[in-house]
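One-letter residues, chain by chain:
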Amino acid sequence: MAVIKVGFLQTKPVFGDLCGNLDRVIKRLGRSDTAGLELLVLPELFSTGYQFTSKKELRTLAEDLKSGYSVQRLSALAKERNLHIVAGLAERCGKKLYNSPVLIGPKGLISVYRKAHLFWNEKSIFNPGDIPLEVVNIGKARIGMMICYDWIYPEVARALALKGVDILCHPSNLVLPNCPQAMITRCLENRVFAITANRVGTEDRGAGDALTFIGKSQIVTPRGEVLLRAASRRTAFAMANINVADARDKKITPKNHIFRDMRQDIF
Ligand code: ACM
């Protein structure tokens, strides 16, 4: 079974600076410590920043995924590096506006998931997602996208695990403190890997509440070990080799298979 080199980039976006935010990601990916990277996870809304003050403002920065600036630049990076990238973008589709993680490979856009569980003021500006959770085979691993506040619904990780996911890719803009620990449980209870890519910094755009993002991006194994965790205030890149076979073994003991033993009839 394949070993795959996976990583996250914990960024500090400048609100509204699509070009600069993309430039910084691409520059960081040019450094030698990223050599051999096969799957990269970037934060939620990494190219725009998070705290939109109105739908109108969001509409000016959100992108049509077919022709959008971020998708184009990430596609070029994925092609050049023979890499798969999961990244959170602001998506415009007709009149609708979504908070959408995308999967991009060497041939371009592969898959989109639209955030269904909107957090706090996101409810006033984004449309709730309308796409079922999906697992995509990228060759060495089956990956599934969830986004930020999805961590609080164990059903999201469970649904992806039941669809055969090996690696949960989890772009985030976390402000509550609990997610890094909670994702350890999500991994343990489903025997899957998770890569959470969060951001750092504070945004205070006059919408009433300054938001400080907690960093602590991490890679967690199916046995609940935190392989790597970033600091809470600094940007960071980290990468690890993971053995996908560890996520295909659903036995807790020789007699306990987490899914086959599940008593759906009493739930
Ligand atoms: C979040 O869902 N951005 C907390």
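Our structure's up above, just so we're on the same page.
Counting from 1, residues in each chain are numbered in the order their sequence is written. Local features in this predicted model are restricted to residues of pLDDT 70 or higher, and side-chain atom pairs are both shown and tallied only at a pLDDT of 80 or more, whereas totals for entire chains, interfaces and linings draw on every residue. Values reported for side chains reflect all heavy atoms of the structure, with hydrogen atoms and water molecules removed beforehand.

## Thoughts on the overall build of the protein chain
- A run of DSSP states H or I qualifies as a helix once it reaches four residues; a run of E qualifies as a strand once it reaches two. Both are numbered from the N-terminal end. Along the protein chain, the regular secondary structure elements total seven helices and 16 strands.
- Compactness check: the protein chain gives a C-alpha radius of gyration of 18 Å against a globular reference of 18 Å for 267 residues, within 12% of the reference.
- Considering only C-alpha atoms, the protein chain reaches an extent of 55 × 45 × 35 Å along its principal axes.
- The burial tally for the protein chain puts 54% of its 267 residues in the buried class.
- Here, two residues are considered to be in contact whenever any of their heavy atoms come within 4.5 Å of each other. Look at the contacts in the protein chain between residues 6 or more apart in sequence, and 70% of them connect residues 24 or more apart.
- Working note: accessible area of the protein chain is about 11,800 Å², and carbon and sulfur atoms make up 51% of it.
- Computed over 39 positive and 25 negative side-chain charges, the inter-centroid distance for the protein chain is 2 Å. In this setup the radius of gyration rests on C-alpha atoms only. A globule is expected at 2.2 Å times the number of residues raised to 0.38. Note on classification: 1.4 Å probe, protein chains only; a residue is buried when its accessible area is under 20% of the maximum for its type, exposed when over 50%, partly exposed between these limits. Working definition of accessibility: Shrake-Rupley area with a 1.4 Å probe, residue cover restricted to the visible protein chains. The positive count covers Lys and Arg only, the negative count covers Asp and Glu only, and His and the chain ends enter neither. Every charge is mapped onto a representative atom, which is NZ of Lys, CZ of Arg, CG of Asp or CD of Glu.

## Observations regarding the pattern of salt bridges
- One speaks of a salt bridge when a side-chain nitrogen belonging to Lys or Arg is within 4 Å of a carboxyl oxygen belonging to Asp or Glu. Applying the stated criterion to the full structure yields 13 salt bridges.
- Between Glu-91 and Arg-114 there is a salt bridge, and its shortest N-O distance comes to 2.6 Å. Of this pair, Glu-91 sits in strand S3 (residues 84–93) while Arg-114 is found in the loop between strand S5 (108–112) and helix H4 (122–125), placing the two residues 23 residues apart along the sequence. Both residues of the pair, Glu-91 and Arg-114, belong to the buried class.
- Between Glu-122 and Lys-115 there is a salt bridge, with its nearest N and O atoms 3.0 Å apart.

## So, a positive patch on the surface
- Patch building starts from residues that exceed 30% relative accessible area and form no salt bridge, then joins like charges within 9 Å and nonpolar side chains (Val, Leu, Ile, Met, Phe, Trp, Tyr) within 5 Å. A cluster of basic side chains, namely Lys-55, Arg-59, Arg-92 and Lys-95, defines a positive patch on the protein surface.
- Summarising the element assignment, Arg-92 is placed in strand S3.
- The exposure class of Arg-92 is partly exposed, given its relative accessible area of 30%.

## With respect to the sheet that holds strand S2 (residues 39–41)
- Only when DSSP finds a minimum of two bridges between them are two strands counted as paired. Taken together, six strands build an open sheet; the order of strands is S5-S4-S3-S2-S1-S14 and the sheet is mixed. Among the strands making up the open sheet, the edge pair consists of S5 and strand S14 (236–243). Here the average twist between neighbouring strands, direction ignored, is 35°.
- As paired elements, strand S1 (residues 3–10) and S2 share three bridges and run parallel to each other. To get an axis, fit a line to the C-alpha atoms, keeping to the stretch in contact for a helix; angles then go from 0 to 180 degrees between the N-to-C directions.

## Some thoughts on the sheet that holds strand S12 (residues 218–220)
- With respect to topology, six strands assemble into an open sheet ordered S6-S7-S8-S9-S12-S13, the strand pairing being mixed. Pairing within the sheet leaves two strands with one partner each, and these edge strands are strand S6 (135–137) and strand S13 (226–229). Direction aside, the axes of adjacent strands within the sheet are offset by 20° on average.
- Set on the sheet, helix H6 (residues 179–190) makes contact with strand S8 (167–171), strand S9 (193–197), S12 and S13; between it and S12 the angle comes to about 25°.

Read these as geometric descriptors, not functional statements.
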